[in-house]
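Examination of the molecular architecture
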Amino acid sequence: MSKQINVEPFTIAVDDSVLADLRARIARTRWPDQLAEAGWDYGTDLDYLQDLLATWEGGFDWRAAERALNRFAQFRARIDGLDVHFIHERGRGPDPLPLVLTHGWPSSFTEYVDLIPLLTDPEAAGGDPADAFDVVVPSLPGFGFSARPAAPGLVNSGIADLWCQLMTGALGYGRFGAHGSDIGAGVTSRLGSRHPDRLAGIHLSALSFAEPPQPWSPAEREYLAAVNGWDQAEGAYSDIQSTKPQTLGYGLTDSPAALAAWIVEKFRAWSDCGGDVESRFTRDQLLTNLTIYWATSTITSSVRHYYEYRHHGAPLPAGAPVPVPAGFAIFANEYVPAGRPPRELAERYFTVNRWTELPRGGHFAALEEPGLLAAEIRAFFRPLR
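Heads up: these notes are all about the structure in this document. (Residues numbered from 1 in each chain as written. Predicted model: local features only at pLDDT ≥ 70, side-chain atom pairs only at ≥ 80, totals over all residues. Heavy atoms only, no water.)

1. What about the sheet that holds strand β8 (residues 322-330)?
The strand order across the open sheet built from 9 strands is β1-β2-β3-β5-β4-β6-β7-β8-β9, with neighbouring strands paired in mixed fashion. Here the strands that pair on one side only, and so sit at the sheet edges, are β1 (7-9) and β9 (350-357). Along the sheet, successive strands turn relative to each other by an average axial angle of 25°, direction set aside. By the bridge criterion, 4 bridges tie strand β4 (residues 97-102) to strand β5 (residues 133-138) in an arrangement that is parallel. (Pairing = 2+ DSSP bridges. Helix = DSSP H or I, 4+ residues; strand = E, 2+ residues; numbered from the N terminus. Axes fitted to C-alpha atoms, helices over the stretch in contact; angles between N-to-C directions.)

2. A closer look at the packing of helix α3 (residues 62-69) against helix α11 (residues 283-296)
Taken N-terminus to C-terminus, the directions of α3 and α11 make an angle of 90°; their axes are 10 Å apart at the nearest point. What the angle tells us is that α3 and α11 run roughly perpendicular. Where α3 approaches α11, its residues Trp 62, Ala 65 and Leu 69 are matched on the opposing element by Thr 288, Thr 291 and Ile 292. Grouping the constituent residues of the contact of α3 with α11 by class yields 4 nonpolar, 2 polar and no charged. (Parallel < 35°, antiparallel > 145°, perpendicular 65-115°, else oblique. Contact = heavy atoms within 4.5 Å. Nonpolar A, V, L, I, M, F, W, Y, C, P; charged D, E, K, R; others polar.)

3. As for unusual backbone geometry
In this structure, the amide linkage connecting Trp 105 to the following residue, Pro 106, adopts the cis form with an omega of 5°. The omega torsion across Gln 214 and Pro 215 is 10°, close enough to zero to call that bond cis. By the element assignment, Pro 215 lies in the loop between β7 (199-205) and α7 (218-234). One non-glycine residue, Asp 182, lies in the positive phi region at around 60°. You can see Asp 182 is positioned in the loop between β6 (176-181) and α6 (183-194).

4. Some details on the packing of helix α1 (residues 16-27) against helix α2 (residues 46-58)
Between α1 and α2, the shortest axis-to-axis distance is 9 Å and the interhelical angle comes to 145°. Of the two elements, α1 crosses α2, and the hand of that crossing is left-handed. Contacts between α1 and α2 involve Leu 22, Arg 23, Ile 26 and Ala 27 on the former and, on the latter, Leu 53, Trp 56 and Glu 57. For the contact of α1 with α2, the per-class residue count stands at 5 nonpolar, no polar and 2 charged. (Left-handed = near helix turned anticlockwise from the far one by under 90°.)

5. A closer look at the packing of aromatic side chains
According to the stated counting rule, one finds 21 aromatic pairs in the structure shown. Where Trp 270 meets Phe 364, the ring centres are 6.3 Å apart and the plane angle is 20°; that geometry is what we call stacked. In this pair, Trp 270 sits in helix α10 (residues 256-270) while Phe 364 sits in the loop between β9 and α14 (365-368), placing the two residues 94 residues apart along the sequence. We note that Trp 270, like Phe 364, is buried. Aromatic ring contacts, followed pair by pair, group Trp 105, Trp 230, Tyr 237, Phe 267, Trp 270, Phe 281, Tyr 306 and Phe 364 into a single cluster. Taking the ring centre of Phe 133 as reference, the NZ or CZ of Arg 385 above it sits at 4.5 Å. (Phe/Tyr/Trp six-rings, centres within 6.5 Å; stacked < 30°, edge-to-face > 60°. Buried < 20%, exposed > 50% of the residue type's maximum accessible area, 1.4 Å probe, protein only. Lys NZ or Arg CZ within 6 Å of the ring centre and 35° of its normal.)

6. Concerning the pairing of β4
With respect to burial, β4 is a largely interior element, 6 of its 6 residues being buried. Burial along β4 is two-sided: the face carrying Leu 97, Leu 99 and Leu 101 and the face carrying Pro 98, Val 100 and Thr 102 are both buried. When β4 meets β6, the two strands line up parallel, connected through 4 bridges. The partner of Thr 102 across the bridge, within β6, is Gly 180.

7. So, the side chain of Glu 89
Tracing the backbone shows Glu 89 in strand β3 (residues 82-89). Here Glu 89 is buried and forms no salt bridge, its nearest opposite-charge partner Arg 92 lying at an N-O distance of 4.9 Å. Within the local environment of Glu 89, its side chain forms a polar contact with the backbone nitrogen of Ala 73, the two atoms lying 2.7 Å apart. When near neighbours in sequence (up to four residues on either side) are disregarded, Glu 89 contacts Arg 71, Phe 72, Ala 73, Ile 116, Thr 120, Phe 133, Asp 134 and Val 135. (Lys, Arg positive; Asp, Glu negative; His and termini not counted. Salt bridge = Lys/Arg side-chain N within 4 Å of Asp/Glu carboxyl O. Polar contact = N/O pair within 3.5 Å; in protein donor to acceptor, adjacent residues only side chain to side chain.)

8. Comments concerning the environment of Glu 211
Structurally, Glu 211 is set in the loop between β7 and α7. Here Glu 211 falls in the exposed class, since its relative accessible area comes to 58%. When the C-alpha atoms of Glu 211 and Val 227 are compared, they prove to be 9.7 Å apart, with 16 residues separating the residues in sequence. Those residues in contact with Glu 211, other than ones at most four positions away along the chain, are Trp 216, Leu 224 and Tyr 349.

As structure tokens, then:
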């Protein structure tokens, strides 16, 4: 039987003193120099970051963003000694399917705010009310308004167990679906492997695949070479986060400029933005996400997830596919733009029921292309209800 878990309403209310301190720190930023015409080649562009920070200091209305977020029904549940923050929005349809959405890094639960209404009320978006979901969006432990783990060792499998308790013990759902990207895809995969009796299916985007045993197909070989090339060019962030997250955290926790530079560079590099980050994300979206990291002081605990996975985690085993049905939405500019993963690679790890390669969108698909992602999630779960 599932544990009975106490659930309490939650309202975001960042203290004025936190916002005043943020503005004061931005005003005192000690800026580095930048080589002429360097642009983004060496990292986050100085001119762009100075302009973004000027808006964060004086032109961004956090209280308006806070009010918009508080329109969603939010709660905290204490599970195994850890307070888990989550949105829980009921579906508008004849028999909504419960669905848990899990975000990744360096985003937050806000990654899904545009997607939620498309899933809870598909009829309002021109869809079929029979496709409605009860949507649950937790904040990962150590991210945003969820508590930070106090001890080492919490990895994707443990978070999957927390989510199962949240869905069954706290919310009373006997059977549910799951979607995730990035870290959230890892958590969602483990939900399918560890709790197959509870899962109707799992839907994934922005997933990294472990290198499987050889022999490889030509498409697998080409893709894995592209991944290796991407790791050499873009993977330094992961190396430091998985080895020395505490050292990194001092600067990111103390300096709004450092925090913004570290995070926004990833939104630009991993999205389908063609080099113009604000062609895919509004400035308010970027600054809302940054303010959540800043106000909760969770950037260090968020990057520690990489250390935990490297030292305590394990990849899914090749050749023993996760037993529940799996669907994949493969967006055009995931963070290995040199190539998309081939279906046969995914089939080493998953029971693939749906595989869709989409013409646009990137790593943050729920923000970049919420309509395309909603349509894929509805289509995948339709025969599984």
